[in-house]
Structures are given as structure tokens and as C-alpha cells.
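The lines below spell out each chain.
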Amino acid sequence: MSKVWFVTGSSRGLGREFAEAALSRGDKVAATARNSATLKDLVATHGDAVLPLDMDVTDRAAVFESVRRAQEHFGRLDVVVNNAGYALIGAVEELAEQQLRDVLETNVFGALRVVQAALPYLREQGSGHIIQLSSMAGLFAAPLGGGYHASKWALEGLNDALAQEVGAFGIKVTVIAPGGFATRRGGEKPDPLTDGDQADRNPIYDGLRRRIAEFVDKSPGGDPAAAARALLKIVDSENPPLRVFFGPQGYQIIQKVYADRLKTWADWQELSVEAHGATEHDLGPTVV
């Protein structure tokens, strides 16, 4: 049975690849973009299987109207892909408050609006799959990415809670953490130090910028088409993961990150118990 998709940020990048992969196998897609004129070629190729929609995720009314139109047009929604978002680059000291508010407005509140608009329809039909595009940046942090990390870490918690809330209604949630993908024209990988919103640079961090740029240059870009094929497998799975990496680096990095965290917590556990005003023996079973 073909599926109906609602994909934000469909004009380019992974969002476009996801939409094209779904359409190529006979699914239907409500494709959103801030300017739906960028979707003309998609409509020319796939015709009535595409519903192009002008939508900015920072506009709550537009989000709810677009989701309503998609459900009314196709009769149901099976896969909701929260893909729209952008990076904010700069040291924490460099970030302007408005820049941080803006990236949270798009990356976090934009995703929240789409979920809140879609959930009543998914709950009524007793099925659906919410796909949240996060990032490896949602699971660990690196210098010059504090604002972007803040938005992606927020998405991790939001969707973890969401999955626990809606599972009883037959709704699945998957958070995807991609590595770097060659989504630019010409097969180039976006540069995290030049793409996205840039904070005003303080020269004190220029050496750090150079070191990170050298590391980024050595990291290969993934194939967006392969990511789209992987997503099809996830949405077709009877038991999809809550979290999954797209790319080999995430799992390699996260093992060390989590091992370091566990060691630090273990090393300081005695003080942690002391801070509670009791001994470990006095605390009894842990209740969450």
C-alpha cells in the first residue's frame, strides 16, 4: 500500500531526496518549501502525486493550514518528516541572543508546530510515523556549534518524550542523526563553518576555527540518495528505531562520548550521594 508523506524543507538537500525517493516508488508527497516555485520540477515529473505547499515553519498558522490541506487532499497522512532547519555557527561568546532565538524558532518550535498540527489526524486514524531530522550534533557537542547543539539537543528530548506519549495511539517516532552529506550541487558537502547563520567572529577563536576546518575537510560526505533509500526501509519497518545514525561516524564517536560521561558520573558518585544528604545505603531503590 502506498504511503502519504508530509515533508518540510523539500526544496533541496535531504528533504528533496526523501520526497523524490518516496515519489519514485509510487507514494504521494505533500512537499513544503518557503517558496513552492522551487518544487516545480518535482510536480512536472510526478504530477498529481505531489502537493506543493508554501510553508515557513516559523508561521504557526501556515503550518496548521498546510497540514490540514495535505490531509484533506490525500485523505490521510502516513509519514511526517520534520526536515526543515539550519545551522548556527559561532563560539558561545560570539552568539547574539537573537540568533539563538531564531535558530530555536526554526529548528525546535518549527518541528513542534508540525507535530502538533499532525497529531490529531494521526491519532484519529490510529497510525502514522513521525520522522525527526536531528544531527550527530544532538548527541554530543563540539566547539563553535553551541547554538546549533542547543537546538538539536532540545529536539532529542522533545521527541523521546513524544514517542512515549503517542505509542499507545499506534504512532511511531524516529529521530535520525545524519553525519555530513554531499547535498550541494556538484556533490559537495556543506561546510559547517561557512553554511548557516554566522555569529560575529571574535579573532580570539580564529585558531580554533582553522583546526576545526582542517578536520571537517578530511571528513567524507555521504550520498543523499543512499540516505533516502535508508529512510524508506525505516518507514516500512514494523518496528522502527527511536534513534538511528545516518552515516558510520556517529556510532564510533558516541561510544567514546558516552563512555566518558559514565566514567565521570561513576568517579563522582560518592559526592553525588553526599549532595543528596544521605548514604547510598539510605537511598534505597531508584524511582524515576
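Residues numbered from 1 in each chain as written. Predicted model: local features only at pLDDT ≥ 70, side-chain atom pairs only at ≥ 80, totals over all residues. Heavy atoms only, no water.

**A word on the overall build of the protein**
Logical step 1: Within the protein, the regular secondary structure consists of 10 helices and 9 strands.
Logical step 2: The C-alpha radius of gyration computed for the protein amounts to 21 Å, which stays within 12% of the reference 19 Å derived for 288 residues, consistent with globular compactness.
Logical step 3: Based on the C-alpha atoms only, the size of the protein along its principal axes is roughly 65 × 50 × 35 Å.
Logical step 4: Across the 288 residues in the protein, those meeting the buried criterion constitute 41%. (Helix = DSSP H or I, 4+ residues; strand = E, 2+ residues; numbered from the N terminus. Rg over C-alpha atoms; globule rule 2.2 N^0.38 Å. Buried < 20%, exposed > 50% of the residue type's maximum accessible area, 1.4 Å probe, protein only.)

**Quick notes on the pairing of strand 1 (residues 4-7)**
Logical step 1: Every second residue of strand 1 is oriented toward a common face, with Val4 and Phe6 on one face and Trp5 and Val7 on the other, all of them buried.
Logical step 2: Between the parallel elements strand 1 and strand 2 (residues 28-33), the chain passes through helix 1 (residues 13-24) in a crossover that is right-handed.
Logical step 3: Relative to strand 4 (residues 79-82), strand 1 is paired through 3 bridges, and the arrangement is parallel. Across the sheet, residue Val7 finds its bridge partner in strand 4, namely Val81. (Right-handed = clockwise from strand over helix to strand, strands pointing away. Pairing = 2+ DSSP bridges.)

**Quick notes on helix 8 (residues 249-267)**
Logical step 1: Over its 19 residues, helix 8 extends 28 Å from the first C-alpha to the last, a length consistent with the 27 Å expected when each residue adds 1.5 Å.
Logical step 2: The set of residues buried in helix 8 consists of Gly250, Ile254 and Val257. Relative to the axis of helix 8, the buried residues are bounded by an arc of 70° and lie together on one face. In this structure, helix 8 carries Gln252, Lys256, Leu262, Lys263 and Ala266 as exposed residues pointing more than 90 degrees from its buried face.
Logical step 3: Where helix 8 is buried, its residues touch strand 9 (243-246). (Expected span 1.5 Å × (residues − 1). Arc of directions from axis to C-beta. Contact = heavy atoms within 4.5 Å.)

**A few points about the confidence of the model for the protein**
Logical step 1: Model confidence for the protein is summarised by a mean pLDDT of 92, while 91% of its residues fall at 70 or above.
Logical step 2: The low-confidence segment residues 184-194 (pLDDT under 50) makes 29 contacts with residues lying over four places distant or belonging to another chain. (pLDDT = per-residue confidence, 0-100.)

**What about the side chain of Asn83?**
Logical step 1: With respect to the secondary-structure elements, Asn83 resides in the loop between strand 4 and strand 5 (88-89).
Logical step 2: Judged by its relative accessible area of 16%, Asn83 is buried.
Logical step 3: Excluding residues within four positions of it along the chain, Asn83 makes contact with Thr8, Gly9, Leu14, Gly15, Phe18 and Leu133.

**Description of the pairing of strand 3 (residues 50-54)**
For a regular strand, side chains alternate in direction, first toward one face of the sheet and then toward the other.
Logical step 1: Pairing of strand 2 with strand 3, which is carried by 5 bridges, proceeds in the parallel orientation. Paired with Thr32 across the bridge in strand 3 is Leu53.
Logical step 2: This β-α-β element, strand 2 to helix 2 (residues 40-46) to strand 3, shows right-handed connectivity.

**Let's talk about the sheet that holds strand 3**
Across a sheet, strands are paired by hydrogen bonds formed along the backbone, either parallel or antiparallel in direction.
Logical step 1: Taken together, 7 strands build an open sheet; the order of strands is 3-2-1-4-6-7-9 and the sheet is parallel. Each having just a single partner strand, strand 3 and strand 9 make up the two edges of the open sheet. Across the sheet, the mean angle separating the axes of adjacent strands is 20° when strand polarity is ignored.
Logical step 2: Sheet topology places strand 7 (residues 171-178) next to strand 9; 4 bridges connect them, and they run parallel. Residue pairing across strands places Ala177 opposite Phe245, the latter belonging to strand 9.
Logical step 3: Sheet strands in contact with helix 5 (residues 146-166) are strand 6 (128-133), strand 7 and strand 9, and its direction is about 160° off that of strand 7. (Axes fitted to C-alpha atoms, helices over the stretch in contact; angles between N-to-C directions.)

**Comments concerning the nonpolar core**
Logical step 1: Of all hydrophobic cores here, the largest spans 27 residues; its most connected members are Trp5, Phe18, Val29, Val81, Ile131 and Leu231.
Logical step 2: Taken together, the elements giving at least two residues each to this core come down to strand 1, helix 1, strand 2, strand 4, strand 6 and helix 7 (224-236).
Logical step 3: If near-sequence neighbours (up to four positions away) are discounted, Trp5 is found in contact with Ala22, Arg25, Asp27, Lys28, Val29, Ala30, Val79, Val81, Leu231, Leu232 and Val235.
Logical step 4: Judged by nonpolar contacts, the second largest core, of 25 residues, contains Phe6, Phe74, Val80 and Ile130. (Core = buried A, V, L, I, M, F, W, Y, C linked by side-chain atoms within 4.5 Å.)

**Topic: unusual backbone geometry**
Logical step 1: Of note in the backbone geometry, Leu144 takes a positive phi value of approximately 75° without being a glycine.
Logical step 2: Relative to the elements of secondary structure, Leu144 occurs in the loop between strand 6 and helix 5.
Logical step 3: What makes Leu144 buried here is its relative accessible area of 7%.

**A look at the pattern of salt bridges**
Logical step 1: One pass over the full model with this rule turns up 16 salt bridges.
Logical step 2: A salt bridge links Lys3 to Asp236, with the shortest nitrogen-to-oxygen separation between them at 3.0 Å. Linking Lys3 in the segment before strand 1 with Asp236 in helix 7, this pair joins segments that are 233 residues apart in sequence.
Logical step 3: As a salt-bridge pair, Glu156 and Arg243 come within 2.6 Å of each other at their nearest N and O atoms. With Glu156 in helix 5 and Arg243 in strand 9, the pair connects residues that are 87 residues apart, well separated along the chain.
Logical step 4: One salt-bridge network, held together by shared partners, links Lys3, Arg25, Asp27 and Asp236. (Salt bridge = Lys/Arg side-chain N within 4 Å of Asp/Glu carboxyl O.)

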